[in-house]
Amino acid sequence: MSKDFTRRNFVQRLSAASAALFALPWLVSGKEESEQTKEKDMNPIKQHFPLGFQWETQDPFLFCVHHEDQFPAGTEQMGPDAEHFKGRHMGDDFIIKDGFRMYHGKKVPGFPGHPHRGFETITVVRKGMVDHADSLGAAGRYGNGDVQWMTAGKGVQHSEMFPLLSQTEENPLELFQVWLNLPKKDKMVEPHFKMLWRESIPNLKFDHDKVLVELIVGTWNGKQAVAPPPDSWAFPAENEVLIVNIKMEPHAKITLPKTSATINRSVFFYEGDQLGINEQQFDSYSGFFLDPSVETELISHDTAVSIFVLQGKPIGEQVMQYGPFVMNTKEEIRQAFDDYHQTQFGGWPWKRYDQVHDRSKPRFALHADGKEEIKEA
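What comes next concerns the included structure.

Each value, and the rule that gives it
- Residues numbered from 1 in each chain as written.
- Predicted model: local features only at pLDDT ≥ 70, side-chain atom pairs only at ≥ 80, totals over all residues.
- Heavy atoms only, no water.
- Salt bridge = Lys/Arg side-chain N within 4 Å of Asp/Glu carboxyl O.
- Pairing = 2+ DSSP bridges.
- Helix = DSSP H or I, 4+ residues; strand = E, 2+ residues; numbered from the N terminus.
- Axes fitted to C-alpha atoms, helices over the stretch in contact; angles between N-to-C directions.
- Phe/Tyr/Trp six-rings, centres within 6.5 Å; stacked < 30°, edge-to-face > 60°.
- Buried < 20%, exposed > 50% of the residue type's maximum accessible area, 1.4 Å probe, protein only.
- Lys NZ or Arg CZ within 6 Å of the ring centre and 35° of its normal.

1. Observations concerning the pattern of salt bridges
Any two side chains of opposite charge can pair if their charged atoms end up close together.
Okay, step 1: Taken as a whole and judged by the stated rule, the model has 17 salt bridges.
Okay, step 2: Salt-bridge contacts for arginine 88 lead to aspartate 93; the nearest nitrogen and oxygen are separated by 2.7 Å.
Okay, step 3: Among the charged side chains, a network of salt bridges with common partners joins Arg126, Glu174 and Glu271.

This is how it looks when you write it as structure tokens:
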């Protein structure tokens, strides 16, 4: 489907089609009506939309953003050369210039210490590295296929900085950040973070190894991903939360597993030239809300494609969001601000709000209980 197929075009075509049917009703036989109904029933696409920096999501997901930055070689401080700061709105730099953004960082790109309450962040890093630090004293460095899952619960501050580790080569970064809601009963659980290291993420292959499914969360055809944090909406299997990244070589096919129509499924086609969904064709950087009870085949054509999938049972509760807090009522939002102002959610134990770790550190996770995981670079 072309990106030029706008809502206005749709209404115009629908009106023309309706007029033609009204004028010539005898041309539509019962058999043709049956075939049209069958075709409609077999179409899994409920909504199609273009993708921007932030992607539309469905309950239980709140937010998904696709970060893609071509950072230059880093300085001794692991940030870009100061020459790159000219012409930027430093501290709030979300417009791509010279191939990258600084976000809220002033020396190192990223997001210095900031609070969250009432939901979870899932950070899927495809390229580059992220340095984590938080108000519980936990820290980490992860990337190049790793996933960090943080349950903010009753409140935590954390920083997410993008250190430019190489001083001689460019430092490309690509990641998805997903916000997964928590139900009312779990909004005030204890904060927690967990690493899904790339070595532990199942890689499933299909269609003569031309399709790779990175199973980040959930179950796919009987294969199970690493368990999410215990207080997550994704933890109970009956919530059918699924997060996968699908990579398809040219001229490949894969069929998505079917489930109940009550489950919300979002598919994001973010890389490649064209994708087929059953009998329809779509250009790159397109999003879809699908009916997961309808058999859905994804088809690549002359180029490789990449697809990100978010799926889950809706929580079905009122959502009240204000900045970094996601609760159910305005009063709970006010209470979140009051609590943060009084406690700082534990304060900030690090010497900098834009905390970055030593350049020589490999991938690691230091948990609040003192347990440390160390991985190879």
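Text resumes after the structure shown.
2. Describing the sheet that holds strand β17 (residues 253–256)
Okay, step 1: Spatially, the four strands line up as an open sheet ordered β17-β22-β19-β20, and their pairing is antiparallel. On the outer flanks of this sheet lie β17 and β20 (280–283), each paired with one strand and no other. Pairwise comparison of adjacent strand axes, ignoring direction, gives a mean angle of 25° for this sheet.
Okay, step 2: By the bridge criterion, four bridges tie strand β19 (residues 274–277) to β20 in an arrangement that is antiparallel. Within the sheet, the bridge partner assigned to leucine 275 lies in β20 and is phenylalanine 282.

3. Considering the packing of aromatic side chains
Okay, step 1: Considering all chains together, one arrives at 22 aromatic pairs under this definition.
Okay, step 2: Between phenylalanine 63 and tryptophan 179, the aromatic rings sit 4.8 Å apart at their centres with planes inclined by 40°, giving tilted as the arrangement. Placement of the pair is phenylalanine 63 in strand β3 (residues 61–71) and tryptophan 179 in strand β10 (residues 171–181), with a sequence separation of 116 residues.
Okay, step 3: Residue phenylalanine 63 is classed as buried on the basis of its relative accessible area, which comes to 17%.
Okay, step 4: Each member of the aromatic cluster is reached from another via a ring pair, and the members are Trp55, Phe176, Phe268, Tyr270, Tyr285 and Phe308.
Okay, step 5: Of note, arginine 88 hangs over the ring of phenylalanine 100, and the distance from its end group to the ring centre comes to 4.1 Å.
Okay, step 6: A cation over a ring is seen here: lysine 361 above phenylalanine 364, with NZ or CZ 4.1 Å from the ring centre.

4. A few points about the pairing of strand β7 (residues 139–143)
Okay, step 1: With five of five residues buried, β7 lies mostly within the body of the structure.
Okay, step 2: Burial along β7 is two-sided: the residues Ala139, Arg141 and Gly143 and Gly140 and Tyr142 are all buried.
Okay, step 3: Pairing of strand β6 (residues 129–134) with β7, which is carried by five bridges, proceeds in the antiparallel orientation. Residue aspartate 131 lies in a different strand from β7, and its bridge partner there is arginine 141.
Okay, step 4: Alignment of β7 against strand β26 (residues 364–366), held across three bridges, turns out to be antiparallel. Bridge assignment links alanine 139 to a residue of β26, and that residue is leucine 366.

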